Amino acid sequence: MPKEPTPPRMTLTTQLVLRALLEKPTEELYGLEICSKAQLASGTIHPILARLESIGWLISRWEDVDPHEQGRPRRRYYRMSPDGAVAAREALARITAGRHALGILRPGLAGGAGA
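Residues numbered from 1 in each chain as written. Predicted model: local features only at pLDDT ≥ 70, side-chain atom pairs only at ≥ 80, totals over all residues. Heavy atoms only, no water.

## A look at the overall build of the protein chain
Helix and strand counts for the protein chain stand at 5 helices and 3 strands. The N-to-C order of helical and strand elements in the protein chain reads α-β-α-α-β-α-β-α. Looking at the protein chain as a whole, 31% of its 115 residues qualify as buried. Taking as baseline every contact in the protein chain between residues at least 6 positions apart, the subset at least 24 positions apart corresponds to 53%. In the form shown here, the protein chain has an accessible surface area of approximately 7,500 Å², with 55% of it arising from carbon and sulfur atoms. (Helix = DSSP H or I, 4+ residues; strand = E, 2+ residues; numbered from the N terminus. Buried < 20%, exposed > 50% of the residue type's maximum accessible area, 1.4 Å probe, protein only. Contact = heavy atoms within 4.5 Å. Areas by Shrake-Rupley, 256 points an atom, 1.4 Å probe, with all protein chains shown as cover.)

Quick look at the structure:
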């Protein structure tokens, strides 16, 4: 029986990438679209995308275009796998529940004090 993949560390950047992808989990997005939605730099998201794909949470494909005709590099498109979308939602829900249990409403604010 194959071993279940280890879930990724749920860093803030991983959470932002997952939330961006979960807005429309069946929709394909390419790297710069994910960067824009997550408000993160390209160098930050690509290792996260690779990890998420390696555990089966994401599916990716290269677009089928001629870069010379398009005048730009080919894009790699990502979308959540059905199982990955479920696992990601569960992981994010656990984090949110944990924050509420601790009284932390927003990351980075001690005790969750709102301004």
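Next comes the rest of the account.
## Comments concerning the nonpolar core
In terms of nonpolar packing, the biggest core is built from 23 residues, with Val-17, Leu-21, Ile-34, Leu-49 and Met-80 touching the most fellow members. Elements with a minimum of two residues in this core: α1 (12-22), α2 (31-38), α3 (42-54), β3 (76-80) and α5 (82-102). A total of 5 residues in this core trace back to one element, the largest contributor, which is α1. Once residues within four sequence positions are removed from consideration, Leu-21 is found in contact with Leu-29, Ile-34, Leu-49, Leu-58, Tyr-78 and Met-80. (Core = buried A, V, L, I, M, F, W, Y, C linked by side-chain atoms within 4.5 Å.)

## Looking at unusual backbone geometry
Phi at Gln-39 is positive, roughly 55°, even though this residue is not glycine. Looking at the secondary structure, you find Gln-39 in the loop between α2 and α3. Look at Gln-39 and you get exposed, because its relative accessible area is 71%.

## Some details on the confidence of the model for the protein chain
In the predicted model, the protein chain carries a mean pLDDT of 87, and the fraction of residues at 70 or more is 80%. Across the protein chain, the secondary-structure element scoring lowest on mean pLDDT is α5, at 85, and the one scoring highest is β3, at 98. (pLDDT = per-residue confidence, 0-100.)

## Concerning α2
Along α2, the positions that sit buried rather than exposed are Gly-31, Ile-34, Cys-35 and Ala-38. One side of α2 holds all its buried residues, which, seen down the axis, span an arc of 105°. Summarising the geometry of α2, the exposed residues directed more than 90 degrees from the buried face are Leu-32 and Ser-36. Residues of α2 that are buried in the fold lie against α1, β1 (29-30), α3 and β3. Looking one or two residues past α2, Gln-39 carries a phi angle of roughly 55°, positive in sign. (Arc of directions from axis to C-beta.)

## Side note on the packing of aromatic side chains
Enumeration over the complete set of coordinates arrives at 1 aromatic pair. Judged by centre distance (5.8 Å) and plane angle (80°), the rings of Tyr-30 and Tyr-77 are edge-to-face. Placement of Tyr-30 in strand β1 and of Tyr-77 in strand β3 is noted, with a sequence separation of 47 residues between them. For the residue pair Tyr-30 and Tyr-77, the accessibility class agrees, reading buried in each case. Sitting over the face of the ring of Tyr-30, Arg-75 holds its NZ or CZ atom 3.9 Å from the ring centroid. (Phe/Tyr/Trp six-rings, centres within 6.5 Å; stacked < 30°, edge-to-face > 60°. Lys NZ or Arg CZ within 6 Å of the ring centre and 35° of its normal.)

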